[in-house]
Amino acid sequence: MDKIHTNDIEFDQQHIWHPYTSMTKPLPAYKVTRAEGVTITLETGEQLIDGMASWWSVVHGYNHPEINQAMHAQIDAVSHVMFGGLTHQPAIDLCRRLIAMTPDGLDKVFIADSGSVAVEVAIKMALQYWHSKGKPEKSKLMTVHGGYHGDTFAAMSVCDPVNGMHQLFQGFMAKSVFAPKPKQGFDQPWDEQDSIVLEQLFATHHQQIAAFIIEPIVQGAGGMRFYHPQYLKQCRLLCDKYDVLLIADEIATGFGRTGKLFACEHANVSPDILCLGKALTGGYLTLAATLCTKEIADTISQGEAGVFMHGPTFMGNPLACSAANASLALLSAGDWQHQVASIESTLQALYTLSDHPDVADVRVLGAIGVVEMKRPVDTASIQAHFVKMGVWIRPFGKLVYIMPPYVISQDELLTLIQAIKQVIEFSDIWAE
Ligand code: PMP
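Residues numbered from 1 in each chain as written. Predicted model: local features only at pLDDT ≥ 70, side-chain atom pairs only at ≥ 80, totals over all residues. Heavy atoms only, no water.

Going by an unreviewed UniProt entry, the protein carries the name Adenosylmethionine-8-amino-7-oxononanoate aminotransferase and comes from Thalassotalea mangrovi. One UniProt comment on the protein, placed under Function (unreviewed entry), says "Catalyzes the transfer of the alpha-amino group from S-adenosyl-L-methionine (SAM) to 7-keto-8-aminopelargonic acid (KAPA) to form 7,8-diaminopelargonic acid (DAPA). It is the only aminotransferase known to utilize SAM as an amino donor." Note on the protein: under the UniProt heading Subunit (unreviewed entry), the record states "Homodimer." (UniProt positions renumbered as here; feature names shortened; annotations may be inferred.)

Structural data, given as structure tokens:
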């Protein structure tokens, strides 16, 4: 009984797993009582400007009246029904919207319940497609170093194998083929070397490769790097040449974050399979989607199994679909373009840090600002400094980065930038 009567923060630290945390050396926990617009309020009364958009997802800000209203209306109508044999308006509206707004050729939608599951679904689609086509030997995946696609097993098998997140599960994972990290940054001159290496890998392995999976333009959790659009074009060309499906994982980049509605648009590329998540519901609920071409869906459906082999309990949850519809309606109103462009221009101020002796690199694209330090920082102490300064920024490894809600004001954004500039001057922010 005693255990459940400890104070809330102690209880949380002792009994509740948080992402990538220790139960014996827990990070400080900050208890949130309210979130509105770009402001997160803690139980202690402190107010923090959110620089993380709850990991890329809260694009319109917290507690948005239009998303709230859509969800209230949906709760009164139907919160959930099984998607097997039943359907509903929010799912139909959502899939109409997604087909209309995503790159050409994506025609069929699988509504998944998280980003990692959307990636699992994409991989299963690719495998089942080749199986149905009578080529079951195409049963491996190809990807690039530096990528991140989620924490479930198939998704882990295409994450960077050396970044330390999933190494201990290696023995249990499928073996994928890895291309080197793209060398050229987003706006550096293009160098053919990257395509030569890629072509060699395709030529060697294509007979066993079902799909090439990649995060378009931005490698997110694997290092927050922005690579050259020509690289993605090259991937599309080689996939076509060698009969490999292209899976674009736009879970982080989708819905405007890079300055285009989808990052594929920087390279004018349409994938065969597209994974979406995070900002899909404006950060309200867990929901994701995997879109594919008619050809893939028809081939799977005409194959030996006759059906696509996946179907989660909460597939197509109406409440989550209604939040997504409201969020996508806000995006369609079009302000995001202006908002993201103005964030990108204010973030240029980060470049003054380029000459700082502890800073390795500064990168800005769309509503993403990254300061890469020369050595790893200590998340707990740097976060404590940020909280004292009234901002919410959570660095990892060597990366101090922000991707705020699109509705952030110029002043709020300048406060975030100023906090980053100040914090890197403190001496106790370095990991041991
Ligand atoms: N793919 C990418 C590119 C991601 O950034 C993430 C989440 N960081 C995922 C997949 C996994 O999504 P989720 O955390 O919703 O499972």
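Draft legend 1. Quick look at unusual backbone geometry. You will see that Asp 243, though not glycine, has its phi angle at about 60 degrees, which is positive. For Asp 243, the position within the fold is in the loop between α8 (229–241) and β10 (245–249). With phi around 55 degrees, Asn 268 is a residue other than glycine that occupies positive phi space. As for its placement among the helices and strands, Asn 268 is situated in the loop between β10 and β11 (273–276). (Helix = DSSP H or I, 4+ residues; strand = E, 2+ residues; numbered from the N terminus.)

Draft legend 2. Summary view of the UniProt feature "binding site: pyridoxal 5'-phosphate" (unreviewed entry) in the protein. In the numbering adopted here, UniProt assigns the feature "binding site: pyridoxal 5'-phosphate" (unreviewed entry) to Gly 115, Ser 116, Asp 249, Pro 312 and Thr 313. Of the residues just listed, which span 199 residues, the most distant C-alpha pair is 23.1 Å apart, and they do not cluster in one region. The topology assignment puts Ser 116 in helix α5 (residues 115–132). Owing to a relative accessible area of 17%, Ser 116 belongs among the buried residues under this scheme. When sequence neighbours within four positions are dropped, the list of residues in contact with Ser 116 reads His 149, Gly 150, Asp 151 and Thr 152. Position of Asp 249 relative to the elements: it lies in strand β10. (Buried < 20%, exposed > 50% of the residue type's maximum accessible area, 1.4 Å probe, protein only. Contact = heavy atoms within 4.5 Å.)

Draft legend 3. Examining the pattern of salt bridges more closely. Evaluation of the coordinates by the stated rule reveals 11 salt bridges. Here Lys 133 ties to Glu 295 by a salt bridge, and the two come within 3.5 Å at their closest N and O atoms. Of the two residues, Lys 133 sits in the loop between α5 and β5 (140–144) while Glu 295 sits in helix α9 (residues 294–302), which places them 162 residues apart along the sequence. Looking at Lys 133, the relative accessible area reads 41%, which means it is partly exposed. For Glu 295, a relative accessible area of 43% gives the class partly exposed. (Salt bridge = Lys/Arg side-chain N within 4 Å of Asp/Glu carboxyl O.)

Draft legend 4. Representation of helix α11 (residues 335–347). Counted at 1.5 Å a residue, the expected span for α11 with its 13 residues is 18 Å, and the 18 Å between its end C-alpha atoms agrees. Of the positions making up α11, those classed as buried are Trp 336, Val 340, Ile 343, Thr 346 and Leu 347. Buried positions in α11, seen along its axis, are confined to an arc of 125 degrees and lie on one side of it. For α11, the secondary structure elements touched by its buried residues are α10 (318–332), β13 (359–365), β14 (368–373), β16 (399–402) and α13 (410–423). (Expected span 1.5 Å × (residues − 1). Arc of directions from axis to C-beta.)

Draft legend 5. Highlighting the sheet that holds β14. Strand order across the open sheet formed by three strands is β13-β14-β16, with antiparallel pairing between neighbours. The open sheet has two free edges, formed respectively by β13 and β16, since each of these has just one partner strand. The sheet shows a mean angle of 10 degrees between the axes of neighbouring strands, direction not considered. Note that β13 and β14 share six bridges and pair antiparallel. Note on β14: the bridge partner recorded for Val 362 is Val 371. On the sheet, α11 packs against β13, β14 and β16 and is oriented at approximately 155 degrees with respect to β13. (Pairing = 2+ DSSP bridges. Axes fitted to C-alpha atoms, helices over the stretch in contact; angles between N-to-C directions.)

Draft legend 6. Layout of a nonpolar patch on the surface. A cluster of nonpolar side chains, Phe 153, Leu 168, Phe 169 and Phe 172, forms an exposed patch at the surface whose accessible area comes to about 480 Å². Within the secondary structure, Leu 168 sits in the loop between α6 (153–156) and β6 (177–179). (Patch = residues over 30% accessible without salt bridge, like charges linked within 9 Å, V, L, I, M, F, W, Y side chains within 5 Å. Areas by Shrake-Rupley, 256 points an atom, 1.4 Å probe, with all protein chains shown as cover.)

Draft legend 7. Structural detail: the site of the ligand. Around the ligand lies a shell formed by Ser 114, Gly 115, Ser 116, Tyr 148, His 149, Gly 150, Glu 215, Asp 249, Ile 251, Ala 252 and Lys 278. Here an oxygen atom of the ligand sits 2.6 Å away from a polar atom, N or O, in the side chain of Ser 116. Here a nitrogen atom of the ligand sits 3.0 Å away from a polar atom, N or O, in the side chain of Lys 278. Considering the ligand on its own, with 400 Å² of exposed area, one finds that the protein chains cover 80% of that surface. Here the shell around the ligand is built from residues that sort into three nonpolar, five polar and three charged. (Near = heavy atom within 4 Å. Polar contact = N/O pair within 3.5 Å; in protein donor to acceptor, adjacent residues only side chain to side chain. Nonpolar A, V, L, I, M, F, W, Y, C, P; charged D, E, K, R; others polar.)

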